[in-house]
Amino acid sequence: MYSTAPLVVLGLGANLGDPVGQLREAVRRLRELLRVEAISSLYRTAPVGYAEQPDFYNLVCLARSALEPAALLAETQRIEREMGRERSFRNAPRAIDLDILAMGDMVVDAAGLTLPHPRLHERGFVLVPLAEIAPGWRHPILRRTAAELLADAGELERVERIQAFD
Ligand code: A4P
Ligand code: MG
């Protein structure tokens, strides 16, 4: 049943072009695909992994979907493609990045899809918005809540709340 579909946690990021406009467009497209239940504030964040690029704008979104993980990934990648994302190198600047951070308690380790996202617990641009809207969300492997992961994470990159998203 739709109402018992697993909780999907999505991380959105952009740092090229009109990042906030692209996040809005991506959320609009996600609403056509799944039932969005909560959206974090908008955050401006220092780039992680490859420093010589503009700040990112990030947010986290909670949704329900009955899609299988591989089908959801195909849809989020279609949105990235349609929105003009060009793949260059890992951690490169991008018009839009849609990461599936988790789907319910599923643990997936396939070639093109790892759930939960293997780096989510190390990243301020994920943990701060996630702890804002779902502090009690529990990591399926680490068994720690978002609030606990954030408290335990130590020093993180700069994460600055800009405004409510809607
Ligand atoms: N993939 C595997 N698991 C997943 C998943 N759970 N969700 C595969 C989405 N994709 C998943 O991703 C590479 C491949 O990961 C995909 O083909 C998919 O099959 P990508 O989006 O093409 O490349 P990427 O995003 O550059 O690499 P990666 O390893 O996903 O990096 P991350 O972890 O997404 O980090 N700094 C700030 N401040 N804010 C950011 O948003 N983002 C990144 C990218 C780096 N630094 C950042 C930010
Ligand atoms: Mg990605």
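Residues numbered from 1 in each chain as written. Chains lettered and ligands numbered in written order. Predicted model: local features only at pLDDT ≥ 70, side-chain atom pairs only at ≥ 80, totals over all residues. Heavy atoms only, no water.

For the rest of this paragraph, the subject is the coordination of the magnesium ion (ligand 2). For the magnesium ion (ligand 2), the full set of protein donor atoms is Asp-97 (OD) and Asp-99 (OD), at a range of 2.4 to 2.6 Å. Residue classification places Asp-97 among the buried positions, given a relative accessible area of 15%. (Donors = N, O, S within 2.8 Å, 3.2 Å for Na, K, Ca; no water. Buried < 20%, exposed > 50% of the residue type's maximum accessible area, 1.4 Å probe, protein only.)

The next point concerns the side chain of Asn-58. On the secondary structure map, Asn-58 appears in strand β4 (residues 56-64). Here Thr-45 takes part through its side chain, which lies 2.7 Å from a polar atom of the side chain of Asn-58. When residues no more than four places from it in sequence are discounted, the contact partners of Asn-58 are Leu-12, Gly-13, Leu-23, Ser-41, Leu-42, Tyr-43, Thr-45 and Phe-125. (Helix = DSSP H or I, 4+ residues; strand = E, 2+ residues; numbered from the N terminus. Polar contact = N/O pair within 3.5 Å; in protein donor to acceptor, adjacent residues only side chain to side chain. Contact = heavy atoms within 4.5 Å.)

Here the focus is the nonpolar core. Core analysis: the biggest nonpolar cluster contains 28 residues, and Leu-10, Leu-12, Leu-23, Leu-30, Leu-34, Leu-59 and Ile-100 have the highest contact counts within it. Those elements that provide at least two residues to this core are β1 (7-14), α1 (19-33), β2 (35-39), β4, α2 (69-82) and β5 (97-103). If we ignore the near neighbours within four places in the chain, the residues touching Leu-12 are Leu-23, Ala-26, Val-27, Leu-30, Tyr-57, Asn-58, Leu-59, Asp-97 and Leu-98. Core analysis: the next-biggest nonpolar cluster, separate from the first, contains 15 residues, Val-60, Ala-102, Leu-120 and Ala-131 among them. (Core = buried A, V, L, I, M, F, W, Y, C linked by side-chain atoms within 4.5 Å.)

Glancing now at the packing of α1 against α2. Relative orientation of the contacting elements α1 and α2 amounts to 145°, with a least axis distance of 11 Å. Crossing hand, α1 versus α2: right-handed. Contact residues: Arg-29, Leu-30 and Leu-33 in α1; Leu-72, Glu-75, Thr-76, Arg-78, Ile-79 and Glu-82 in α2. Residue classes in the contact of α1 with α2 are distributed as 4 nonpolar, 1 polar and 4 charged. (Axes fitted to C-alpha atoms, helices over the stretch in contact; angles between N-to-C directions. Left-handed = near helix turned anticlockwise from the far one by under 90°. Nonpolar A, V, L, I, M, F, W, Y, C, P; charged D, E, K, R; others polar.)

The full count for this structure, using the stated rule, is 13 salt bridges. Of the charged contacts in the structure, one is a salt bridge between Glu-37 and Arg-64, with a shortest N-O distance of 3.4 Å. One end of the pair, Glu-37, is in strand β2; the other, Arg-64, is in strand β4, with 27 residues separating them in the sequence. Look at Glu-37 and you get partly exposed, because its relative accessible area is 42%. (Salt bridge = Lys/Arg side-chain N within 4 Å of Asp/Glu carboxyl O.)

Another point: the pairing of strand β3 (residues 42-45). Here 4 bridges tie β3 to strand β8 (residues 159-163), and the two strands are oriented antiparallel to one another. From the neighbouring strand, Arg-44 faces β8, where its bridge partner is Glu-160. Two elements, β3 and β4, share 3 bridges in a ladder whose sense is antiparallel. Paired with Thr-45 across the strands is Phe-56, a residue of β4. (Pairing = 2+ DSSP bridges.)

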